[in-house]
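Listed below, chain by chain, are the residues.
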Amino acid sequence: MSDPVVVGTDGSAAGSAAVEWAADDAARMRAPLRIVFAADCSPYDIPKFSTREWGDALTRNAERVLAEAEALARKRQPEIEITTRVIEGAPAGR
């Protein structure tokens, strides 16, 4: 099996276009597709945010974005294997 095609998304139009391109590329290469969302929690780990609700909201948003991206990729290329993952850290550093 080929290495996966990896694509990051943030739920934007550009992120969705990247998911579509990556799904097509994965189908062409007969490779699995891995869709990731980089959740940068560091700006919110400061003391003035003393509640876990901030982190929970970020996680819920990441999961929603990934579910939408997975549905988009499955609609475009239903035969490919797709996995999703939330990773922590700044998107540029991943």
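Please read these numbers as outputs of a predicted model, since none were measured by experiment. Numbering of residues begins from 1 in every chain and follows the order in which that chain's sequence is written. The predicted nature of this model means local features are confined to residues of pLDDT at least 70 and side-chain atom pairs, given and counted, to a pLDDT of 80 or more, with totals for whole chains, interfaces and linings taken over all residues. Hydrogens and water are ignored here; the side-chain numbers use all heavy atoms of the structure.

Draft legend 1. Expanded view of the sheet that holds strand S1 (residues 5–8). Sheet architecture is open: three strands sit in the order S1-S2-S3, paired in parallel fashion. Among the strands making up the open sheet, the edge pair consists of S1 and strand S3 (82–88). Going across the sheet, the axis of each strand differs from the next one's by a mean of 25°, ignoring polarity. Any two strands are treated as partners once DSSP identifies two or more bridges connecting them. The way it works is that DSSP assigns letters per residue, a run of H or I at least four long becomes a helix, a run of E at least two long becomes a strand, and they are numbered from the N terminus. Summarising the sheet, strand S2 (residues 33–39) and S3 pair through seven bridges and their orientation is parallel. Bridging from a neighbouring strand, Ile35 pairs with Thr84 of S3. The contact criterion used is simple: two residues touch if any of their non-hydrogen atoms lie within 4.5 Å. Note on definitions: angles span 0 to 180 degrees between N-to-C directions of axes, and those axes are lines fitted to C-alpha atoms, for helices only across the stretch in contact. Sitting on the sheet, helix H1 (residues 13–29) is in contact with S1 and S2, with an inclination near 175° to S1.

Draft legend 2. Highlighting the environment of Ser2. Along the chain, the position of Ser2 falls in the segment before S1. Residue classification places Ser2 among the partly exposed positions, given a relative accessible area of 32%. In this structure the C-alpha to C-alpha distance between Ser2 and Met29, which are 27 residues apart in sequence, comes to 7.7 Å. Setting aside chain neighbours within four positions, we find Ser2 in contact with Met29, Arg30, Ala31 and Pro32. Only protein chains enter the accessibility calculation, which uses a 1.4 Å probe; a residue whose area is less than 20% of its type maximum is buried, one above 50% is exposed, and one in between is partly exposed.

Draft legend 3. Geometry of the pattern of salt bridges. Counted as salt bridges are all cases of a side-chain nitrogen of Lys or Arg within 4 Å of a carboxyl oxygen of Asp or Glu. Counting across every chain of the model gives five salt bridges. Measuring nitrogen to oxygen at the nearest pair gives 2.8 Å for the salt bridge that ties Arg74 to Glu70. With Arg74 and Glu70 both in helix H2 (residues 53–76), this residue pair falls four residues apart, about one helical turn. Since its relative accessible area comes to 35%, Arg74 is described here as partly exposed. A relative accessible area of 22% places Glu70 in the partly exposed class. Because the salt bridges share partners, they merge into one network encompassing Glu20, Asp24 and Arg76.

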